[in-house]
Each structure stands twice: as structure tokens, then as C-alpha cells.
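# Descriptive analysis of the structure
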Amino acid sequence: MHYLDYAATTPVSLEVAKAMMAVLTEDFGNPSAQYSLGRKAKDLTDRSRGVIAKALGAKPEQIFFTSCGTEGDNWAIRAALHQNRRVGKHIVTTAVEHGAVLQCVKQLEQEGYTATYVKPDREGRIPAEAVLEAVREDTAVVSVMLVNNETGAVFPVAEIAAGLKNSPTLLHTDAVQGFLKIPFTAKSLGADYITLSAHKIGGPKGIGALYVGGRAKNTLPLLFGGGQESGLRPGTEATAQIAGFARAAELRLERQEEITAHLAACRDYAREKLSAIPDLCFVGPADAPHILSVSLPGYPSQNIVGELDGKGIYISAGSACHRGKASHVLTAMGLDKRTAAGTVRVSFGPETEFADIDALAKALLEHKSTRFPML
Ligand code: PLP
């Protein structure tokens, strides 16, 4: 198997699985329970919160566990709008956000909010000025992702935060693809809300976290119920997932520089190998070390993915092409239809070997002219 879709999700290591197993089978108490088994579960959850806080350079009380990155995105945007309800009902975001932000904002438009979607340039980049120029007196929240999941573009969140420092407008960033891939802390980014998700960094699916910073006050919960997570995120804590998230973050933190260098080496090696394929072009800036998008213009990406699947090579057209519709990211970048439809995303993890990339390059070269039907 040659798994090259780490931006979609990642495997859980044995060590992470063991940390989860111990919580599932032994330390399984409810953290709200008043006896020792419950207290142990609460201690473990608090310790995990500390690990995620440390990874972000934040305080433990600023970290709230969520069910996933999608929940964190939805929650942050709605909480910011609630806090700034007297500022106005305008939202600034980008045209290339993940659906977890875009569909949330689209829903908010149905509910009476207005939104400006800042477009990227042809490379997929968005300068801070373009975002700041879209901010108005009635802008309650700006939501700009840190790393784009399709192109690997890194957006200037810190610069945007600096531009909003003296304004009441709150800033949210979806850092799901950036966390432990590019170096940052809550302070260096300066965003008021930061969304994280475990399954992009070797943790389990179904657990994420939202960082809520100092300017964010009286946070409105998304769900209402019990008093968990300081009353802001009710629901019995997903203790095993939380333990797995923390263990995965710890393991990444221990080797962060080495892993980042490895990811970048994989991306650069893939760029070199794939550039030998006739007509192949690179899409987007691939600023982040783990994401590389390429296109074979005229060859539908779902066919490429299907062909490679038959050879045990896993890459993604999922983000790039949803049910035959061109990706909103590539469309916003102004890519022509043939290039957009032929775009696939290759993404790397600590486990990626150069041999995986060799297999991909060989398969693309062998099959390109003979097997992929042209559009
Ligand atoms: N934001 C970005 C940029 C993502 O890439 C993803 C996952 O693909 C999400 C949000 C959603 O995260 P989750 O799958 O944890 O809901």
C-alpha cells in the first residue's frame, strides 16, 4: 500500500492506540463522577488539555475539546457573532475555506447575516491587505484558514490579526491543516479562536479542540446541556479520543523539526519526480510541507484516483472534485476547467517513504496516455 492522503486523515500509531486502549478498558470512569475512577478520568483529561495547550503555547483553560474540527469552526464563528452582536452582522471569510467554515457562513447568510468571500490570486494566495480591506465597521468576525487543505497555501493570519488589533472584529482561524505542520503559537498567530483536529496529526477521528483567546468573552456554547468543559461544551468527555489526541500531539512535538523536514523533503522529492510526467502541472504554492497539488489537464481526477486505487496507491480527488463539480478552491483561483478537473492532491506524513512517491510517479507515467480517458 502507498498511502499518500495524509491531509485527508492519518493512521493512529500503536502508542496512540495504547493510550486510548488504557482509557477505554481501565481508566474508563466518567470525569464528572465523584469517586476515584472518575477523578482519574478527570485528571487524564486535564493532563491532555495541558498537552494541547503546551503545543499551542496557550493556557489549559483556553482549550475546549470538541467532537471534530468542523464543530470547532462552527462554534467559533457563532460565538464571535454572538459576542459582537452589537458590532454588526457582517462576516469576512475567504472563498477557499473548508466546507466547515463555508457552509456555516452560507447558513448564517440564510439567517440574516451578510458575508464577503475574499478570493485568492491565481497561485492560491491571499494577501492580508485583501482581507483587511473587506472588513467594515459592522464586521463582527473574520475567519481565515491557516493552511489551505487543497493547495497547501499558507495564509497571513498573524498579519490579519495585527490589522484587527484595535478593532472589535474578532478573528477565527481554522488551523486544522497547520497544527504541528508549520510552526506557530496562539500568541504568534494572534487569532481569537483557533480550530484544531486530531486526525490530521496521528490522532483518532472524532476529536478536536477550540482555542479561545483573551479577547473572546462570554463564549456562547454551540450545544446546551451539562457542565462539562467549564459549561461551554456539554456532553460527557470523549476521554479515550482526548487521550489519543494528546498522545499524538506529544509524539509529534517530540520530533516536530525532524518531521517537518521530512514532510518538506517528501514534497520536494515528489515535485522533482512528478515534473518528469509530460503535461503535468503544479497547482497552488504548496507552502505547507505536507501538501502538493498537481494536474493532468484533461484527465478527470476521479479516473486518476480510481486507476491508482487499483494499484494500492491512495491520493485524493475528494477535495478537488466533489461529485463531478469542480472544486470551489480551484474555481476561485481562476483555473481553467480542464486543469481544475484534472487536479489531484498528494499529501505526506511522517510514515511516507520516497518509495511511495516513486510508485506514484511510475503509475502516473505508465497509465497517463493509455488508460485515463480524456475529457
Ligand atoms: N478544516 C480543514 C482545513 C480540514 O482540512 C478539515 C478536514 O478535512 C476540517 C476543517 C474538518 O475537520 P474534521 O474532519 O475534524 O471535522
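Every value quoted in this text rests on a predicted model; they were computed, and no experiment measured them.

## With respect to the overall build of the protein chain
- The helix and strand inventory of the protein chain stands at 13 helices and 14 strands.
- Taken over C-alpha atoms, the radius of gyration comes to 21 Å for the protein chain, in line with the 21 Å a tight globule of 375 residues would show.
- Within the span of the protein chain, comprising 375 residues, buried residues form 57% of the whole.
- Looking at the protein chain alone, contacts between residues at least 24 apart form 72% of all its contacts between residues at least 6 apart.
- Approximately 15800 Å² of the protein chain is accessible, and the part contributed by carbon and sulfur atoms is 53%.
- Side chains of the protein chain carry 40 positive and 40 negative charges; the gap between the two charge centres is 3 Å.

## Examining the sheet that holds strand β6 (residues 170–174)
- Here we have seven strands laid out as an open sheet, ordered β2-β8-β7-β6-β5-β3-β4, and mixed in their pairing. Two strands close off the open sheet at either side, each with one partner strand: β2 (63–66) and β4 (114–118). If you compare each strand with its neighbour and ignore which way they point, the axes differ by 20° on average.
- With four bridges connecting them, strand β3 (residues 90–94) and strand β5 (residues 139–143) associate as parallel partners. When the bridges of β5 are listed, T93 appears paired with S143.
- Of the strands in this sheet, β3, β4, β5 and β6 touch helix α4 (residues 99–110), which is tilted by about 150° from β4.
- Packed on one face of the sheet, helix α6 (residues 157–164) meets β5 and β6 and runs near 170° to β6.

## Brief notes about the domain arrangement of the protein chain
- Assigned domains of the protein chain: these are domain 1 (2–9 + 255–370) and domain 2 (14–253).
- Measuring from the centre of the C-alpha atoms in domain 1 to the corresponding centre in domain 2 gives 27 Å.
- Facing 29 residues of domain 1, the contacting portion of domain 2 comprises 29 residues.
- Summed over the shared surface of domain 1 and domain 2, the number is one salt bridge.

## Description of the environment of V176
- By the secondary structure assignment, V176 is in the loop between β6 and α7 (186–189).
- Given a relative accessible area of 10%, V176 falls into the buried group.
- Once the C-alpha coordinates of V176 and A7 are considered, the two residues, 169 residues apart in sequence, prove to be 9.5 Å apart.
- Setting aside its immediate chain neighbours within four residues, V176 contacts G69, T195, L196, S197 and K200.

What counts, and where the lines are drawn
Residues numbered from 1 in each chain as written. Predicted model: local features only at pLDDT ≥ 70, side-chain atom pairs only at ≥ 80, totals over all residues. Heavy atoms only, no water. Helix = DSSP H or I, 4+ residues; strand = E, 2+ residues; numbered from the N terminus. Rg over C-alpha atoms; globule rule 2.2 N^0.38 Å. Buried < 20%, exposed > 50% of the residue type's maximum accessible area, 1.4 Å probe, protein only. Contact = heavy atoms within 4.5 Å. Areas by Shrake-Rupley, 256 points an atom, 1.4 Å probe, with all protein chains shown as cover. Lys, Arg positive; Asp, Glu negative; His and termini not counted. Charge placed at Lys NZ, Arg CZ, Asp CG, Glu CD. Pairing = 2+ DSSP bridges. Axes fitted to C-alpha atoms, helices over the stretch in contact; angles between N-to-C directions. Domains from an automatic or database assignment. Salt bridge = Lys/Arg side-chain N within 4 Å of Asp/Glu carboxyl O.

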